[in-house]
Structures are given as C-alpha cells and as structure tokens.
Amino acid sequence: MLRQLTQLALLCMAVQSVYSETDTNYRLNTTISPSAYSILITPYFDTGDDKAFTFDGEVEITFTTTTNINTIKLHSENLTYTSSNITLMNGGNTVNLLETNPLEFEDKYSFAHINLASELTSGVEYILKIVYTGTIRDDLAGFYKNYYIENGVKKWLGATQLESTSARKVFPSFDEPEYKAVFTLTIDRPANYKPSLANTKLQSNLSLSNGYVRETFYPTPRMSTYLVAFLVSEFEAEHYSRNGTKEVGVFTRPEAKNQTDYAFNFAEKVVQALGDYFGIDYYSTNSNLKLDHIALVDFKAGAMENWGLVTYRESLLLYVPEESTPYYKYRVAQIIAHETTHMWFGNLVTCHWWSNTWLNEGFANYFQDYITAMIEPDVAAEDQLIIGSVYTALDADDVPDSPPITNNNVNSPDEISGHFGSITYQKAGSVIRMIHHLIGDNAFKSGLNAYLMANSFQPGYPEKLYTALSQGVNVYNSLSSYPGNDITDLMSSWISRAGYPLVHVEVNHADSTVILTQKRFYRHSTDKSDEIYKIPITYTLDTSFDFTNTKPAFIMTNKTYVLPVREIKENHSWPILNIQETGLYRVNYDSHTWHHISEHLKGSRREEIHYINRAKIVNDLFAFLFADEVKFELLHDVLHFLEDETENAVWYAAVRGFKKLRSHYLGSDTLSLIDEFILHLMESSATRLGFEVKSTDDYRTHRNRMQILDLACKLGHQGCIDGALAVYKDFKNNGKWIDPSLREVAYCTGLRYGNGDDYDFLWNRMFTTNVANEARLIGDILGCTSDETKLNSFLGSMLVENSPIKIQDLTVPLSSVLSNYSNVHVVLEGLQQNISLWKSIYTSLDSVLSTVASVLRTDDEFNQFETWLSSCTECGESAVTGARSALAKAKLTAQWAKDHRSDIWSSLRSGAGIPSVSFLLLLAGYALTYGF
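About the cut-offs
Every residue gets a number counted from 1 within its own chain, in the order that chain's sequence is written. In view of the model being predicted, local features appear only for residues whose pLDDT reaches at least 70, and side-chain atom pairs are presented and counted only at 80 or more, with totals across whole chains, interfaces and linings using the full set of residues. To obtain the side-chain values, all non-hydrogen atoms of the structure were used and water was disregarded. In this analysis, strands are considered paired if DSSP registers two or more bridges between them. Here a helix means four or more residues in a row that DSSP labels H or I, a strand means two or more in a row labelled E, and each is numbered from the N terminus. Working convention: axes come from line fits to C-alpha atoms, limited for helices to the stretch in contact. Angles between N-to-C directions cover 0 to 180 degrees. Centres within 6.5 Å are what make two rings of Phe, Tyr or Trp a pair, Trp counting through its six-membered ring; a difference in plane orientation under 30 degrees is then read as stacked, over 60 as edge-to-face, and the rest as tilted. Burial classification: accessible surface area is computed with a 1.4 Å probe over protein chains only, and a residue below 20% of its type maximum counts as buried, one above 50% as exposed, and the rest as partly exposed. Only when the NZ of Lys or the CZ of Arg is both within 6 Å of the ring centre and within 35 degrees of the ring normal is a charge said to sit over the ring. Throughout, a residue-residue contact means that at least one pair of heavy atoms, one from each residue, lies within 4.5 Å. The crossover handedness rule: strands pointing away from the viewer, path from first strand over the helix to second strand clockwise, crossover right-handed. Oblique is the label for every angle not falling under 35 degrees (roughly parallel), over 145 degrees (roughly antiparallel), or within 65 to 115 degrees (roughly perpendicular). Definitions for this section: a left-handed crossing has its near helix turned counterclockwise from the far helix by less than a right angle. A right-handed crossing has that turn clockwise. Note on residue classes: Ala, Val, Leu, Ile, Met, Phe, Trp, Tyr, Cys and Pro are nonpolar, Asp, Glu, Lys and Arg are charged, and everything else, Gly too, is polar. Cysteine sulfur atoms that pair up within 2.5 Å are treated as a disulfide.

A. Geometry of the sheet that holds strand S25 (residues 513–520). The four strands lie next to each other as S29-S25-S24-S31, forming an open sheet whose pairing is mixed. For this open sheet the edge positions go to strand S29 (560–564) and strand S31 (586–589), each flanked by a neighbour on one side alone. Strand-to-strand, the axes of this sheet are offset by a mean angle of 25°, without reference to chain direction. Bridging between S25 and S29 involves five bridges; their strand directions are antiparallel. What sits directly across from Thr 513, in S29, is Pro 564.

Below, the structure written as structure tokens:
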C-alpha cells in the first residue's frame, strides 16, 4: 500500500510515542489454522429505512487446530451477532457452545471468544458459520461507502480497505497476515448496479426475488485476510484486455472513463515486465486471477494492492495529458508499479507479521521506480530512487528514537499503522537498492526468484530472504571481492539497526592515503552513539572521473579505514564517494577536498561530476549545516555553482534545502537576506526556463520549471510574479488554456495577489472539474489566497454539502493554509475562537494541534499558543501533550536560527550578489506563447 506523504507528515507527531511501550495482548496467539473462508455480503445503500448503509453478512471458516481447545478466539470489530447466530460443525455433527457463557467480546483487542461445551480435537477439520450484520462505514476503513455526482444524481457505492486490521470489521476472521486461507466471495448487489468486482473472476450470477443479483467469484489464491477486496458500484471500464486468460482492466465512474488510457497501457506493460524480472508470470499463480485497477473518489491510502483488485485514489490513477501536471504522469506510473510489485512481494509472499512490513513495502518502494525506469524512461523514475526515496529515508532516520526497519515493538493497530512510514518504505527500499548494486543484477534476480518460489502462498521472513539472496550470491560468486562478508550479515545489519552513517573523508597527499571514519549521523550534534555500519564504499577520482561503476570497491566494517590511492600523491588527486548515491550514507570531506569540489563545480568541468552526485553534495551540505557538521560559509561557497546548474535533481536538492533554511528563519529579519541569495542563484535557471513551454521540453525540464518558478514567485521576484499573473489573468478572463506545468505557480500567484473573487473562481473550478488531479492541485494551493475570510472558509470546507474536499483530503486545507507562514495567525485565531468547529471536522485534534505548533517561530506565537493550550478544555489530554512536544521542537528550531544568525549574515552580506533585472525576460517567453 502506498501511503499519502501529506497525511503522514501531518500525523507523524501523533505516532512518535507509539514505540515507547507495547501490549502483546493484541496478538491472536491461536493454535487454529484456517484453510478456507466462504463469505456472503448483502449491502443496503440509500434505502430510506433502518437498513440504509448497513450490510448482512455470513461467513463460513474451515479450520483445524494443532492442540485440543475449548475456545475459538478470533477477530471481530463492530459486527453484530449473538450465540444463536453461530454454528460449529464437524462433518455432519454439531459442536455445541457452552450454555452458560457461549460468546464474549473483548472490545479493546477486537476479539470474539466462542466458548465450547466440549474440546475441539487436534488435526480434525471444523467449519464455523457466523451470521451477522454490520455498518457500511464512513471512515474509509473496512467496507465503506463512497459517492459521486453524475448528471446531478448522487451515486452510492461500497468499497473495501482492509489493510492492515480492518478485515475484522467486515467479517469475523483470523485477521493477522500469517493466517492465510482461500476465500470464496459472494456479493448480492442491487440489480441496477453494474456487476460487482472482487479479487478473482466472476464464476456465476443469479437474479434474486428481492431485486438483487447474487454474484459468486472463483476462489482466491491462498492469501491473508487484509487482501480480500470487493466493489459494489456502477463503475465501468473503457479498456479491458482479455489477452487469453490475462485480464487487465481500469474501472472508474462512467464520466471518467476517458481518462484511463495511460493507466491501462502502463498497467499492461508493468505486470509483464515484473513477471519477467521475478521469473514468475503473474497469471501463472492462479488460473482465476485477473488484474483490475479501480479509481475511487474517496480513498484513505494512496492505493492498495488487493490481489486482483487494486484500488486507488482517482487522482493517482487517472491522467489527462492536457490537464494533469507532469508530476502526475510520473506518479500514476510509479503507483501502478508499486501496487503491481505487491502481487509478488506482499501477496504471493506476505510478511509474517507487521514488524517486517518492509518485506512487502520495501520491495514495492524500490521497484516502483526501478521497473518504471525500465519501461517508461520519459518520467525520470531513476532519479526518484535517490531524490525521492533516499532523501526521504535519510531525513526520517536521523534522530535517536527512530526505529529499525524490522521493529518488534509492533502489536496494536496504532503501532501497526505507525510502522507504515518512511523507515519501512523508503529506507528499506534504499537498503534493497544498495544490496542490488553490491551483488549485481544476476545474483539479485536469482535470489529474488528463489525467495518467491520457495515461499509462494506462505508467510515470509527476513531470514528466508537472506537465504535466497545467498543462493544467488553463491551461484554468481558476487561477493568474492569482499572476503569475510556474507549477504545475511550485511543485509540484516542494516535491517535490524536504526540510523545510518556519516563517512568523513580525510585526504593525505603526503602518504597517498584516504582515511575514512564513520559515525552515526544525527540531526542534532548533541546526540552521540557508537554504532558501526557495514558500508559498501564506492568512489572515483578527479583525474579520471567514472560515475558509471557502482560496484563497491570494498566494504567498510570498522570505525576507520585507510585506503591507499597512488594517484593522491602523484597527481594531487581527490575523491568523490558514494557514486550515484547507491549507498545509504552521507559523505563529509576535509576542508581542502571541499575546496577542490567547490572549485570544480564552479568551473567549466562541472558536469564531469554526475548530476546525482552534484545533488548529493547539495543535500548533504544542507544536512551538515543543520547538524552543525559544517559552517554556513562552506555551504554558501559551494552553492554558487547553482548559478549555472540546469539539472532538475540538483535543483530539487537545493530547493528543499532552501525551504528548510527559510523555515528556520520565518518571522526573522534574516529571511530577506536569505531570499536575496536564493534568487541570485536561481536567476539564470529561471530566465532560461521562463513561461514559454516548448514541445521539445522533456519531463525533467517541466519539473524543474515547476519548482524554480514556484519558489521564485513565492520569494517575491517581480519578474516571476508578473509572468505568472499574466498567465493566470488570461486564463481567468479569457479562458486561455494554461500548460499544466505552469498551473501551480499561476494559480497560487493569482490567489496571492488577487482577492476573494479569485478564490471563488478556483474553488468553483475545483468543484466542477472532472479531472481529479486538477482538483487536488487546486486544493493544495487554495491556501495561497490573501483573503482571510476565504482562508477561514477553506479551513471549514469539509463541512460544505457535497464538498470537493473528501475524507481522504481531510488534512489538505490545514496544510495548504499553513504552507504560507503569514496565515499562521488565521489558524491560531480560528482555533481559539471556534474550537467546536474544528472538533466537528476532525475526529481527533492530536495531529492538528501538533501540526500548528510545529510551524510557530516567534516568542509571541509560542506564548500565545501555550497560553491557549493551558486553557483549552475541549482539546483533549493527548492532543495537548502532543502539541507541547511539537512546540518544544519548534522552539529548538527557532533557537538554532538565533544561534546561527551571525554566521549566515556574515557570509551573505559579504558575497550574496545582487539579483539582476534579467528575470524580466521571463515575460518575453510569455509574450511568445500567450500574445502578451
């Protein structure tokens, strides 16, 4: 499952305490092994009676037990039944329930205990039948309701989201991933609905006398409960391929069918490419499997890998070239690749328990970009392996309490949900990438095939993966260059240990050596520890740069390593480590080497250093600045090469660093000086990219234009502002089409320098557009408006009837408004004046208050918020505690800014340069395109 990063960012503070203590009583710990489920679901939608938005259910579970037991313990949550609804059979014999206390519910742990009058016998097959009712939920979990408007009519549908602990909300079950079984689904649907969809192909249908159609699906492969899925709707498929038995389809609400071309074509290619790479054809695993992709209007996760029935947010599956930003072309491909990878890693072989979620998500995170780069090179997915996954992993893992990739302190649903984060996804994916480069493609492919073949339809364990990879390594002798190292020790050391290393490089020209020293990298210099990592080291020398060979030269296993390099003395050479950032470590150099790197970057041979390594230099230096590993003077000196830089990845690293630096100085007089420096560095790129979008522009150019112009306009560069406003006004007043790559900057600038009418114009466009990712784009930038009345309206927009802000977008208005620091007072006043409104929008204020606290920067803001927290009786104890923790971190950020102000002023005032007026040439590009 691909989680939404914006949601994770808002919720991260609420789950930081998850791992402090854990309750193992949440675990099922049963001797029962289910082998088959037969499930019947009858939903009732807008029926106008007491059955509205409920469902009837029946489940039959076939199981055995390995010991004699007199109680059946299974999961059940918010389902209604009594002991009279339970039947237990052994062949033709009924097993009676305990008369005095037949059924108990343990709500805290979501358990039902069925107590028996006699013991069940080990090894004997039993069938448990439960007839029950449930609610079609409105929280996007379990079996939940969804709607869309078609020709003015509200159309209801029912969809499922069962990962990780919501199967128990749909049918009583052994709802842990190791308890795999075969599922036969039967769905009763209203006769006016389209045929329902489930994990497998439809086997039969029968018209019922009550106006329903009963549809039974073929049995699934042996799989975990969280992968069960079905859809009851009026959805249709514009494209459906039946290439023999290899069925692929993309289903949407009817009015969006014409937006599925790209997703369908990519979906067909990626399932074939992954099958070829893993050596197991997807359709060979079960003759009744198909692969449907479903675009849902309201969906909590980014997407979900249900076997044969993958579900997505509309904005992440549908793509319209004329209306969707270039980002969404990549995003749609990436997310389809991610979920399709799960058909093997997650579905065919499933993590034994959520402590090892990385066995599912780490591989999906890696292959989402690796395989996309192979079959869709136009979207630069190979760059995202680094600037997406590696950068995110490094940022998530630089504090003392970050968990290891395998985290055994995961038991409760909240802990499980908290473990679905950057460590499990991006760090695990980056470690897998590092191992791939270490052992080579042949050994890697061979090992993955061995793992999948040996554990098909079974739970997976890290040790089984290591064993399989070892087989591949042995076949190809791919660790022969690293005596004393084996893949199990290497990989498990990264999986079981938190954090990552910083490698310091000291070049000794006198004796031709490079001395490497490692330590764990921390965000704050006051944190220390003594971890030692097994680091695959790659390097190249300036005398003959080679950034293509990513096979490590050696593995560093001690704190210090002395590397003899003849060229160091003979040619006064110097190295660059971590070629194309294939290793998960940062690199700091001695002052002389940094000087050489800086001069090389600012010279005519800049591009001899691979652009990914140029990006790495920038990204690492910003991290070192905030961790007090380097002074701002060094960062300032090196960054001057950006004046001539053209690569999107390098600018991505720079822009994220600039944004973080600016965030530290919000509300400070230092900010204007920082902005002046940034605009000076951006001048050439912004002028070159401009507002003229050429047909020859590739994906990287589009993405670079988007980030450069967005930042330039937000920093107040008049040339950018004038260009963006001209584009926006031509669109608003004359209906002139805006290239999707310019929309974010045009919309946001139009709002910032407009009025309430501009907000209403874009709100109405969001309300009426048929393109989901255009609606999401507008939602993300509506907080750019300077009209405070409209900002308050936006913060409460979830409550508008048929609002385009769905439950899935619950955090969007707040994050959009707070993305502009000048809006902080609007949020603070809104909370203080009408806390009841906020409570009607959010089920919990925990993440809301923590998020607000995290963006505060001045003493006045700290004092105002702290005073209000102390008096807020409706906030809730946990929300106040979390907010105070976030406030303490915000104060540390503000203190860092104060401590480093003089260093930054000294560097910037001595050599920032003065922005030229050439940026006004941006308007020339607009004139060519828009006739201005």
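B. Up close: the packing of aromatic side chains. Within the structure shown, the criterion is met by 57 aromatic pairs. When the centroid spacing of 5.7 Å and the interplanar angle of 75° are considered together, the rings of Tyr 277 and Tyr 370 count as edge-to-face. Separated by 93 residues along the polypeptide, Tyr 277 in helix H2 (residues 261–278) and Tyr 370 in helix H4 (residues 358–375) bring together distant segments of the chain. By the burial criterion, Tyr 277 is buried, and Tyr 370 matches it. Pairwise contacts between aromatic rings join Tyr 277, Phe 278, Tyr 282, Tyr 283, Trp 344, Phe 345, Phe 363, Tyr 366, Phe 367, Tyr 370, Phe 444 and Tyr 451 into one cluster. The aromatic ring of Tyr 533 is capped on one face by Arg 497, whose charged end is 5.7 Å from the ring centroid. When the ring centre of Phe 521 is taken as reference, the NZ or CZ atom of Arg 586 above it lies at 5.2 Å.

C. Just the environment of Trp 307, in detail. With respect to the secondary-structure elements, Trp 307 resides in the loop between strand S20 (303–304) and strand S21 (309–313). Not counting the four nearest positions on each side in its chain, Trp 307 is found in contact with Asn 199, Pro 221, Arg 222, Met 223, Leu 227, Tyr 282, Thr 285, Leu 289, Met 343, Asn 347, Leu 348 and Phe 457.

D. Geometry of the sheet that holds strand S3 (residues 69–75). The strand order across the open sheet formed by three strands is S3-S8-S7, and the pairing between neighbours is antiparallel. Of all the strands in the sheet, the pair left with one neighbour each is S3 and strand S7 (103–106). Between one strand axis and the next, the sheet turns through 25° on average, direction left out of account. Sheet analysis places S3 next to strand S8 (residues 111–120), joined by six bridges and oriented antiparallel. Counterpart to His 75 in the pairing with S8 is Phe 111.

E. How the structure looks around the pairing of strand S18 (residues 246–252). Here S18 lies mainly inside the structure; six of its seven residues are buried. Here strand S17 (residues 236–243) pairs with S18 via seven bridges, running antiparallel. What sits directly across from Ser 241, in S18, is Val 248. Following S17, the chain reverses through two residues before pairing antiparallel with S18; Gly 244 in that reversal takes a positive phi of roughly 70°. Across four bridges, S18 lies against strand S19 (residues 291–296) in parallel orientation. Each residue of the ladder has a partner; that of Val 248, found in S19, is Leu 291. One crossover worth recording links S18 to the parallel S19 by way of H2, and it is left-handed.

F. Structural view of the packing of helix H3 (residues 326–341) against H4. For the pair H3 and H4, the least separation of the axes is 8 Å and the interaxial angle reads 135°. One way to sum up the angle between H3 and H4 is to call them oblique. Crossing handedness for the pair H3 and H4: right-handed. Across the interface between the two elements, Tyr 330, Ala 333, Gln 334, Ala 337, His 338 and Thr 341 of H3 pack against Glu 361, Phe 363, Ala 364, Asn 365, Phe 367, Gln 368, Asp 369, Ile 371 and Thr 372 of H4. Taken together, the residues of the contact of H3 with H4 break down into seven nonpolar, six polar and two charged.

G. Structural context of the state of the cysteines. Under the definition given, this model contains three disulfides. Disulfide partner of Cys 713: Cys 720, at an S-S distance of 2.1 Å. Measuring handedness by torsion sign, the sulfur bridge of Cys 713 and Cys 720 sits at about -100° and is left-handed. Under the relative-accessibility criterion, Cys 720 is labelled buried at 0%. A sulfur-sulfur separation of 2.0 Å characterises the disulfide bridge that pairs Cys 872 with Cys 875. Because the sign of the S-S torsion sets the handedness, a value of about 95° for the bond joining Cys 872 and Cys 875 places this disulfide among the right-handed ones. Like Cys 875, Cys 872 is buried.

H. The arrangement of the side chain of Asn 347 in detail. With respect to the element layout, Asn 347 can be found in the loop between H3 and strand S22 (349–351). Contacts of Asn 347, omitting those with residues within four sequence positions, involve Lys 180, Leu 227, Glu 305, Asn 306, Trp 307 and His 342.

I. A look at the packing of helix H8 (residues 441–454) against helix H9 (residues 462–476). Their axes nearest at 7 Å, the elements H8 and H9 cross at an angle of 140°. In this view, H8 runs oblique relative to H9, as classed from their interaxial angle. Read as a crossing pair, H8 and H9 show a hand that is right-handed. Contacts from Asn 442, Ala 443, Phe 444, Ser 446, Gly 447, Leu 448, Ala 450 and Tyr 451 of H8 reach H9 at Lys 464, Leu 465, Ala 468, Leu 469, Gln 471, Gly 472, Val 473 and Tyr 476. The residue inventory of the contact of H8 with H9, partitioned by class, reads ten nonpolar, five polar and one charged.

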